[in-house]
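Take a look at the letters that make up each chain.
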Amino acid sequence: MSLDLYFVIGTFILAFAIPSAISAFADSRAPRVSAILIVVGGIMIFYAASKTQGGFQVETIPNAFINVAGKYIF
């Protein structure tokens, strides 16, 4: 898999973990699943950023999403 794909999947995992954590705190439950998702998403983003030459810059993040969408979706 490409590093852009790791970055995009990690970003989506983190995005889905946030509502899960808020829901767990609102229901007075321990946010176990959201904590696992945050760790997994963070590791995926860190791996992609550390292996990419020069890392991900703010300007290149939209390009990563477009590359993944063009390569794997369309």
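So, a few notes on the structure that sits alongside this text.

Procedures and definitions
Residues numbered from 1 in each chain as written. Predicted model: local features only at pLDDT ≥ 70, side-chain atom pairs only at ≥ 80, totals over all residues. Heavy atoms only, no water. Helix = DSSP H or I, 4+ residues; strand = E, 2+ residues; numbered from the N terminus. Buried < 20%, exposed > 50% of the residue type's maximum accessible area, 1.4 Å probe, protein only. Areas by Shrake-Rupley, 256 points an atom, 1.4 Å probe, with all protein chains shown as cover. Axes fitted to C-alpha atoms, helices over the stretch in contact; angles between N-to-C directions. Parallel < 35°, antiparallel > 145°, perpendicular 65-115°, else oblique. Contact = heavy atoms within 4.5 Å. Nonpolar A, V, L, I, M, F, W, Y, C, P; charged D, E, K, R; others polar. Salt bridge = Lys/Arg side-chain N within 4 Å of Asp/Glu carboxyl O. Phe/Tyr/Trp six-rings, centres within 6.5 Å; stacked < 30°, edge-to-face > 60°.

**Digging into the overall build of the protein**
Part 1: Looking only at helices and strands, the protein features three helices and zero strands.
Part 2: From first element to last, N terminus to C terminus, the protein shows the α and β order α-α-α.
Part 3: For the protein, the spread of C-alpha atoms along the three principal axes comes to 40 × 25 × 20 Å.
Part 4: The buried share among the 74 residues of the protein stands at 22%.
Part 5: Surface exposure of the protein reaches about 5200 Å², of which carbon and sulfur atoms provide 71%.

**As for the packing of helix 1 (residues 3-26) against helix 3 (residues 61-73)**
Part 1: Direction vectors running N to C along helix 1 and helix 3 enclose 105°, while the axes themselves pass 9 Å from each other. Judged by the angle between their axes, helix 1 and helix 3 are roughly perpendicular. On the side of helix 1, the interface is formed by Asp4, Leu5, Phe7, Val8, Thr11 and Phe12, while helix 3 contributes Ile61, Ala64, Phe65, Asn67, Val68 and Tyr72.
Part 2: For the contact of helix 1 with helix 3, the class distribution of residues is nine nonpolar, two polar and one charged.

**With respect to the pattern of salt bridges**
Part 1: What the rule picks out here adds up to one salt bridge.
Part 2: Here Arg29 ties to Asp27 by a salt bridge, and the two come within 3.6 Å at their closest N and O atoms.
Part 3: Its relative accessible area of 48% is what places Asp27 among the partly exposed residues.

**Considering unusual backbone geometry**
Part 1: The backbone phi angle of Ser28 is positive, close to 60°, even though this residue is not glycine.
Part 2: For Ser28, the position within the fold is in the loop between helix 1 and helix 2 (32-51).
Part 3: Exposure remark for Ser28: the relative accessible area of 69% places this residue in the exposed category.

**Side note on the packing of aromatic side chains**
Part 1: In the structure shown here, the tally under the stated rule is four aromatic pairs.
Part 2: Relative to Phe56, the ring of Phe7 has its centre 4.3 Å away and its plane inclined at 25°; by these criteria the two rings are stacked. Of this pair, Phe7 sits in helix 1 while Phe56 is found in the loop between helix 2 and helix 3, placing the two residues 49 residues apart along the sequence.
Part 3: Assessed through its relative accessible area of 9%, Phe7 is described here as buried.
Part 4: Phe56 sits in the buried class, given a relative accessible area of 18%.
Part 5: Relative to Phe65, the ring of Phe12 has its centre 6.0 Å away and its plane inclined at 80°; by these criteria the two rings are edge-to-face.

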